[in-house]
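Residue strings, one per chain:
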Amino acid sequence: MAPHQQTPKTETRLERGRRALEAIDGQAGQKVIDALADISPDFANYLFEFPFGDIYTRPGLSLRDREIATIAALAALGTAQPQLKVHIEAGLNVGLSRDEMTEILIQMAVYAGFPAALNGLFAAKEVFASHDDQNPQEKIA
């Protein structure tokens, strides 16, 4: 390689994770990162690097498909309401419809039980209402 040519800078896990988080979660993801700043900024970096820099950016599944899996898993856990709300918002960001997310949550009644499905549906209802309040021009039935 000639001295004047430079190899393209490769994106670090952290940079890739920041880019992916912004594309997937937008402001909701940044709020989580900001909330960690005073207690554990290192953990915020771990969130950027591993789930978003390594897993979400893998080939093989679209971001839309990854959010379907994530919403289902978080709803089935039944103990991750704040994270479920962030990922329902992310579902809207990556093209999932409200009807699709509602169906995902209804499906959880079969495998995770009615309480998990109910909690997921109530979380979705809250996110949809908040989204409508923040984006009245985009209100979706």
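Chains are numbered independently. Their residues run from 1 in the order of the written sequence. For a predicted model such as this one, the threshold for reporting local features is a pLDDT of at least 70, and the threshold for listing and counting side-chain atom pairs is 80 or more; totals across whole chains, interfaces and linings nevertheless cover every residue. In computing side-chain properties, one takes all heavy atoms of the structure into account and sets aside hydrogens as well as water.

**Student:** What is the right way to look at helix H2 (residues 41-55) in this model?
**Tutor:** An α-helical turn contains 3.6 residues, so any two residues separated by three or four positions project in the same direction. For H2, with 15 residues, the first-to-last C-alpha span of 20 Å sits near the 21 Å given by 1.5 Å per residue. By definition in these notes, contact holds between two residues if any of their heavy atoms fall within 4.5 Å. Under the scheme used here, helices are H or I runs from DSSP no shorter than 4 residues and strands are E runs no shorter than 2 residues, and both carry numbers assigned from the N terminus. Those residues of H2 that are buried lie in contact with helix H1 (13-36) and helix H4 (81-93). Here, expected helix span is obtained from the residue count minus one, scaled by 1.5 Å.

**Student:** Hey, could you run me through the pattern of salt bridges in this one?
**Tutor:** When the charged atoms of two side chains with opposite charge come close together, those side chains can pair. We define a salt bridge as a contact between a side-chain nitrogen of Lys or Arg and a carboxyl oxygen of Asp or Glu at a distance within 4 Å. Taken as a whole, this structure holds seven salt bridges when the rule is applied. Put simply, lysine 85 and glutamate 126 hold a salt bridge, and the shortest N to O gap is 2.9 Å. In this pair, lysine 85 sits in helix H4 while glutamate 126 sits in helix H6 (residues 114-134), placing the two residues 41 residues apart along the sequence. With relative accessibility at 26%, the residue lysine 85 sits in the partly exposed group. Any residue under 20% of the maximum accessible area for its type is buried, any over 50% is exposed, and the rest in between are partly exposed; the area is computed with a 1.4 Å probe on protein chains only.

**Student:** What is the right way to look at the layout of surface pockets in this model?
**Tutor:** Empty space among the atoms becomes visible once a probe the size of a water molecule is rolled across them. Put plainly, a pocket is an open set of points on a 1 Å grid over the protein atoms alone with protein on both sides within 12 Å along at least five of seven lines, a cavity is a set where a 1.4 Å probe fits but cannot get out, and a lining residue has an atom within 4 Å of a point. Grid points are joined across faces, edges and corners, and a volume is the space filled by probe spheres set on the points. Computed from the structure, the largest pocket encloses a volume of approximately 660 Å³. Forming the boundary of the largest pocket are 26 residues, of which Ala28, Gly29, Val32, Lys85 and Val86 lie nearest the centre. If you list the elements that add at least two residues to the lining of the largest pocket, you get H1, H2, helix H3 (63-77), H4 and H6. If you tally residues by element for the lining of the largest pocket, the top one is H1, at nine residues. Counted by class, the lining of the largest pocket contains eleven nonpolar, ten polar and five charged residues. In this classification, Asp, Glu, Lys and Arg are treated as charged, Ala, Val, Leu, Ile, Met, Phe, Trp, Tyr, Cys and Pro as nonpolar, and every other residue, Gly included, as polar.

**Student:** In this structure, what is going on with the side chain of arginine 66? I would like to understand it.
**Tutor:** Take arginine 66: it is sitting in helix H3. The contact partners of arginine 66, leaving out residues within four places of it in the chain, are Ile55, Tyr56, Arg58, Pro59 and Leu61.

**Student:** Could you clarify how one ought to interpret the nonpolar core in this entry?
**Tutor:** The nonpolar side chains of soluble globular proteins are, as a tendency, buried together. Take the buried residues of types Ala, Val, Leu, Ile, Met, Phe, Trp, Tyr and Cys, join any two whose side-chain atoms come within 4.5 Å, and each joined set is a nonpolar core. One finds Ile71, Leu84, Ile88, Met101, Leu105 and Phe128 to be the most contacted residues of the largest nonpolar core, which totals 17 residues. For this core, the secondary structure elements donating two or more residues are H3, H4, helix H5 (98-111) and H6. Excluding residues that lie within four positions of it along the chain, isoleucine 71 makes contacts with Leu84, His87, Ile88, Gly91, Leu96, Met101, Ile104 and Leu105. Listed in part, the ten residues of the second largest apolar core include Ile24, Leu36, Ala44 and Phe48.

**Student:** For this particular structure, what's the right way to read the environment of glycine 53?
**Tutor:** Residue position: glycine 53 is located in helix H2. Overall, glycine 53 belongs to the buried group, its relative accessible area being 1%. Each C-alpha atom, one on glycine 53 and one on glycine 120, is 27 Å from the other, the two residues being 67 residues apart in sequence. When residues no more than four places from it in sequence are discounted, the contact partners of glycine 53 are Arg13, Arg16, Gly17 and Phe48.

**Student:** When you look at the packing of aromatic side chains in this model, what are you seeing that I'm missing?
**Tutor:** How two aromatic rings sit relative to each other is set out by the distance from centre to centre and by the angle between their planes. Stacked, tilted and edge-to-face are the three classes applied to pairs of Phe, Tyr and Trp rings, where Trp contributes its six-membered ring and a pair requires centres within 6.5 Å; stacked means planes under 30 degrees apart, edge-to-face means over 60, and tilted covers the rest. Scanning the entire structure with this criterion turns up two aromatic pairs. Ring geometry for phenylalanine 52 and tyrosine 56: centres 4.9 Å apart, planes at 10°, overall stacked. With a relative accessible area of 7%, phenylalanine 52 lands in the buried category.

So, to be careful, I would describe these as geometric facts and stop short of saying anything about function.
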